[in-house]
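Here's the letter readout for the chains.
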Amino acid sequence: MLMLRFAKLLLLLALLSGPAFAGDTRVAVATNFTHAARALTTAFERETGHRVRFSFGATGQLYAQISQGAPFDAFLAADQVRPQRAEVEGLAVRGSRFTYAMGALVLYGGNKRPVQEGTLATTAPDRLAIANPATAPYGAAALETLAAMGLLETYQERLVRGTNVAQAYQFIATGNAELGFVALAQVFDQAPTDYWLVPATLHRPIAQDAVLLTRGETNDAARAFLTFLQGPEARAIISRMGYHLPTAKGGASDG
Amino acid sequence: MDDLNIWSPILLTAKLASVTTLILMVIGTPIAWWLARSGSRFREAVAAVVALPLVLPPTVLGFYLLMALGPDGPGGMIASLYGARSLAFTFEGLVIGSVIYSLPFVVQPIRNAFEAIGDRPLEVAATLGASPWDRFWSVAVPLARPGFLTGAVLGFSHTVGEFGVVLMIGGNILGETRVLSVAIYDYVETLNWAPAHMLAAGLLVFSFLVIFTVMTLEKRWRFKREDRP
Amino acid sequence: MSADMIQAAFRGQTGGFDIDVAFTMPRAGVTALFGASGSGKTTILRAMAGLGKLEGSLQVGDAIWQDSARGIFKAPHERPIGYVFQEASLFPHLDVADNIRFGEKRALRAGATPPVFGDIVDQMKIGRLLDRAPHTLSGGERQRVALARALMRGPELLLMDEPLSALDRRGRDDLLGCLEALHREARIPILYVSHDSAEVARLADHLVIIEGGRKQAEGPASTLFSQLDFIPPDGRAEAGVILEARVQDHDSTMQLTHLAVNGQTMTTPAIEAPAGTEVTLRVKARDVAIALKKPEAISIRNILEGTILEIRDADDVGHVDVLIDIGGGQLRSQVTHDACNDLQLKAGTSVFALVKSMSFDGPGA
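- An unreviewed UniProt entry annotates chain C as Molybdate transport system ATP-binding protein of Kordiimonas lacus.

- As recorded by an unreviewed UniProt entry, chain A carries the name Molybdate transport system substrate-binding protein and is attributed to Kordiimonas lacus.
- What UniProt records for chain A under Sequence similarities (unreviewed entry) is the sentence "Belongs to the bacterial solute-binding protein ModA family."

## Thoughts on the nonpolar core
Part 1: Counting residues in hydrophobic clusters, the biggest one holds 93 residues, and the most contacted among them are Phe-114 of chain B together with Phe-10, Phe-23, Met-48 and Leu-159 of chain C.
Part 2: With twelve residues, the single largest contributor to this core is helix H5 (residues 91–117) of chain B.
Part 3: Filtering out sequence-adjacent residues up to four positions away, Leu-159 of chain C remains in contact with Leu-45, Met-48, Ala-49, Ile-81, Gly-82, Tyr-83, Val-84 and Leu-191 of chain C.
Part 4: Counting 52 residues, the second largest nonpolar core, distinct from the first, contains Leu-212, Ala-222, Leu-226 and Leu-229 of chain A.

## Focus on the interface of chain C and chain B
Part 1: If you look at the interface, chain C gives 27 residues, while chain B gives 25 residues.
Part 2: When chain C packs against chain B, the two sides together hide about 2400 Å² of surface, and 62% of this comes from carbon and sulfur.
Part 3: Counting across the interface, chain C meets chain B through four salt bridges.
Part 4: The partner of Asp-134 of chain B in a salt bridge is Arg-109 of chain C, and the shortest N-O contact between them spans 3.9 Å.
Part 5: Residue assignment for the side of chain C that touches chain B shows that the elements contributing at least two residues are strand E7 (81–84), helix H2 (96–109) and helix H4 (139–151) of chain C.
Part 6: Per-class residue counts for the side of chain C that touches chain B are 13 nonpolar, six polar and eight charged.

## A word on the packing of aromatic side chains
Part 1: The tally for this structure, following the rule as stated, stands at 21 aromatic pairs over all chains.
Part 2: Each ring, one from Phe-33 of chain A and one from Tyr-100 of chain A, has its centre 4.8 Å from the other, and the planes form 75°; the classification is edge-to-face. Taken together, the residues span a long stretch of sequence, with Phe-33 of chain A in the loop between strand E1 (24–30) and helix H2 (34–48) and Tyr-100 of chain A in strand E4 (residues 98–103) at a distance of 67 residues.
Part 3: When the centroid spacing of 5.1 Å and the interplanar angle of 85° are considered together, the rings of Phe-136 of chain B and Trp-137 of chain B count as edge-to-face.
Part 4: Grouped by ring-pair contacts, the aromatic residues Trp-33, Phe-114, Trp-133, Phe-136, Trp-137 and Phe-148 of chain B constitute a single cluster.
Part 5: A cation sits over an aromatic face here: Arg-101 of chain C above Phe-117 of chain C, 3.8 Å from the ring centre.
Part 6: Over the ring of Phe-91 of chain C we find Arg-149 of chain C; its NZ or CZ atom is 4.8 Å from the centre of that ring.

## Thoughts on unusual backbone geometry
Residues and elements named next belong to chain C.
Part 1: The phi angle at Gln-255 is positive, at roughly 60°, despite the residue not being glycine.
Part 2: With respect to the helices, strands and loops of the structure, Gln-255 is situated in the loop between strand E12 (240–251) and strand E13 (256–261).
Part 3: At Asn-262, a residue that is not glycine, the phi angle is positive and equals roughly 50°.
Part 4: For Asn-262, a relative accessible area of 33% corresponds to the partly exposed category.

## Description of the interface of chain A and chain B
How big an interface is tends to be stated in terms of accessible area lost as the parts join.
Part 1: Contacts between the two partners involve 23 residues from chain A and, on the opposite side, 23 residues from chain B.
Part 2: Of all residues in chain A, the largest losses of buried area upon contact with chain B belong to Arg-161, Thr-174 and Asn-176 of chain A, amounting jointly to 26% of the total for that side.
Part 3: Summed over the shared surface of chain A and chain B, the result is zero salt bridges.
Part 4: Along the contact surface separating chain A from chain B lie eight residue pairs in polar contact (both at pLDDT 80 or more).
Part 5: For the side of chain A that touches chain B, the elements supplying multiple residues, two or more each, are helix H3 (59–67), helix H4 (81–88), strand E7 (159–162) and helix H8 (165–173) of chain A.
Part 6: Here the side of chain A that touches chain B is composed, by residue class, of six nonpolar, ten polar and seven charged.

## Observations regarding the arrangement of the chains
Part 1: Ranking the two pairs of chains in contact by number of contacts places chains B and C first.
Part 2: Chain A shows no contact with chain C. Their nearest C-alpha atoms sit 50 Å apart.

## With respect to a nonpolar patch on the surface
All names here are of chain B.
Part 1: A surface patch of nonpolar side chains, about 410 Å² in accessible area, is lined by Val-19, Leu-22, Ile-23, Val-26 and Ile-27.
Part 2: Relative to the elements of secondary structure, Ile-27 occurs in helix H1 (residues 7–37).
Part 3: Exposure remark for Ile-27: the relative accessible area of 34% places this residue in the partly exposed category.

## So, the confidence of the model for chain C
All names here are of chain C.
Part 1: On average, residues of chain C score 85 in pLDDT, and 92% of them are at 70 or above.
Part 2: Here strand E21 (residues 359–360) is the element of chain C with the lowest mean pLDDT, 67, and strand E6 (residues 72–73) is the one with the highest, 96.
Part 3: Per the prediction output, this complex has pTM 0.74; the corresponding ipTM is 0.82.

## Comments concerning the sheet that holds strand E5 (residues 105–108) of chain A
Residues and elements named next belong to chain A.
Part 1: A sheet is described by the order of its strands in space; here five strands give the open sequence E7-E6-E8-E5-E9, paired in mixed fashion. Of all the strands in the sheet, just E7 and strand E9 (195–197) have a single pairing partner and so form its edges. Along the sheet, successive strands turn relative to each other by an average axial angle of 30°, direction set aside.
Part 2: Two strands pair when backbone bridges link them, and E5 and strand E8 (residues 179–183) are joined in this way by four bridges, in the antiparallel orientation. Note that in E8 the partner of Val-106 across the bridge is Val-182.
Part 3: Across the face of the sheet, helix H6 (residues 137–148) comes into contact with E5, strand E6 (128–131), E7 and E8 while running at roughly 130° to E6.

## Description of the sheet that holds strand E17 (residues 302–313) of chain C
Strand pairing in a sheet takes place through backbone hydrogen bonds and is either antiparallel or parallel in direction.
All names here are of chain C.
Part 1: With antiparallel pairing, the five strands of this open sheet are ordered in space as E16-E20-E17-E18-E19. At either end of the open sheet lies a strand with only one pairing partner, and these are strand E16 (288–291) and strand E19 (329–336). Adjacent strand axes in the sheet meet at a mean angle of 45° when their direction is disregarded.

## A few points about the environment of Glu-78 of chain C
Residue and element names in this part refer to chain C.
Part 1: Relative to the helices and strands, Glu-78 resides in the loop between E6 and E7.
Part 2: Take Glu-78: its relative accessible area is 44%, and that puts it in the partly exposed class.
Part 3: Distance in space between the C-alpha atoms of Glu-78 and Trp-65 is 8.8 Å, their sequence separation being 13 residues.

Quick notes on the rules
- Residues numbered from 1 in each chain as written.
- Chains lettered and ligands numbered in written order.
- Predicted model: local features only at pLDDT ≥ 70, side-chain atom pairs only at ≥ 80, totals over all residues.
- Heavy atoms only, no water.
- UniProt positions renumbered as here; feature names shortened; annotations may be inferred.
- Core = buried A, V, L, I, M, F, W, Y, C linked by side-chain atoms within 4.5 Å.
- Buried < 20%, exposed > 50% of the residue type's maximum accessible area, 1.4 Å probe, protein only.
- Helix = DSSP H or I, 4+ residues; strand = E, 2+ residues; numbered from the N terminus.
- Contact = heavy atoms within 4.5 Å.
- Buried area = accessible area lost by both parts, 1.4 Å probe.
- Salt bridge = Lys/Arg side-chain N within 4 Å of Asp/Glu carboxyl O.
- Nonpolar A, V, L, I, M, F, W, Y, C, P; charged D, E, K, R; others polar.
- Phe/Tyr/Trp six-rings, centres within 6.5 Å; stacked < 30°, edge-to-face > 60°.
- Lys NZ or Arg CZ within 6 Å of the ring centre and 35° of its normal.
- Polar contact = N/O pair within 3.5 Å; in protein donor to acceptor, adjacent residues only side chain to side chain.
- Patch = residues over 30% accessible without salt bridge, like charges linked within 9 Å, V, L, I, M, F, W, Y side chains within 5 Å.
- Areas by Shrake-Rupley, 256 points an atom, 1.4 Å probe, with all protein chains shown as cover.
- pLDDT = per-residue confidence, 0-100.
- Pairing = 2+ DSSP bridges.
- Axes fitted to C-alpha atoms, helices over the stretch in contact; angles between N-to-C directions.

Dropping the structure here:
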């Protein structure tokens, strides 16, 4: 009698919550990956029945929150440094780290002018917006690109730094800076003539690593999400949303 | 390395806060006076606008400022007068942002102080031959002195502590827009904890001293009222 | 109109008062704007100063301060007035001397000639207070400083709004002394708002009686006070008369002073005033008894001979009011109906007026 009732209850729960025994996970995600993460959610939830909730923030801030015990099960950073550090400090599960996306850098002028490779050399904007190279990988890549193009001297004094690429994008979009380096993920849906995709050879790769946090070690939903992130469906979405794909599991470079 | 120059942000911040406070006293005083004494039905609406920065997230304010300072806004028009494109990423732009952001912190205490004076001292001055302008300077301003002190100190320290707006319109340029709070943020972000500690602890001590000084001085500066015999 | 009159007419509503008055006051001496609390006196005074705006007109001598019909309205700071408020309202950020000099400075700037600082300071007896802060002064001291401040701008009209009402007895006496001194010099006309008939009797030469925002009566104080149908705004019990008297001599052994009142002599406990000083006596109607023969073996010292001028039934009380001529001056007595019938009092009856007590309002009181 009791058993029967219990079984009914289980059945009810199963019906309510989808195909498998669905779990629920909270994932900390770097701001630049916002759109892609949302696009991934639908596919992930449909496929696994798990539910995933994101907290978006700057990588450094998210890391600080995690180190203070914030309730995240996984961490999708904008760089490799913070996930590595999380592993070293025991905040993340050793061996769980992998590169989920490679950032692609573009030169962008806010749909006011076509932008090409030569735009930087031919026009001389007063202000060139970049993400803060000290804190944001896209910013560092932007500096490396300028150096590789031999334009670092020219622009050194004209750089304005946003905290992250999102802010660099705002500076350009509001017209306060004429040009700037932002992420392809921010502009991939705009006209291809509006931006110039910087060849990956001009800067060190912008590898974005994900890691399973200690807190999420036993969370099936979290593990499922990280697995899903490496699968073909997710890779297709990530690629469509303005990222290059990592070549192999384990990170493009452990710098 | 530029990034480790801790004196530049300190001096820049002091300069920004001083200039901002000066401007705030000049424009905040007439606003506070009007808010305290006007019978206009728009009074509370204006008061609400002045108070907006208290409740708006700095990012909202920063975003609108970014648009206003840019080439399509009034800031860009001003900038174009001297051949620039935008007031963003300039010291002047930061001053404009700080003035707006700290306005309620200056206007509110001065308004309260003006209101606390009441009609009587001004009426007395009028019957003694003082014109409205004369009454304002010889009676209202001296009697509102504690409010001016509070307003100036709050305006100054709020500008020192301002972060969100500066981050959004500053562009983090050493010597021009990299103020103390942004520098601290960068040091924390880049795990440069030694200079971060130095600046943060300095700011903490500074803030304590400011609040302590205001509280002490305000008590001393408050005029004793006549009491009934 | 006469250059030595002030003519005022105001009507309108402010602060819940409905005002409609017109009155004339001489440009000398003290005119009391006399009425109960809430009768609109202060509103009228504020309109005179230009602090509150009422429709109407105000002409001081030849100068027009307000004429609504012609759109003339001088702002308060353009009117040469002194205004003393109920509370001294000294500027807390200035010491006593700077408070007093506030109006003087502005008068000098406007090309006027304010009085001499030292004179005013002496007159108000505030020489010791000059470098004190207002909050360290007593109520009476503060009000004297406020009066000095108002005088130092050299006003052509001094407006006073119950300046004694917030003071204790001592402060009141001090200030009254100063006001009387001011009155004696009689250089500046004073409009004095009060609801206290004792104060008014002591200070005022001229009365404007206000009730419910309207003028009830107007005229010389001595006349109005002795009219039998005159009921002072602060209540019937205060009805009485004012007598002019002169100090005759002092009896130092008995500690008494003799006063000459219309050819008769009255005795009071000693007062400090030299022989010949004019003083004002106030005698309440209920303190005067009537006898047909001169009583003997009685404790009352002051018995004056007189003739009944008029007897009037008072409404709603068991009394009649009797007005007695005492050789020029008048006394007013309140007696019961019963007594009046018994003694067969009527106009022309010779009587003795027994004055049980009098308040003694002269200098040095």
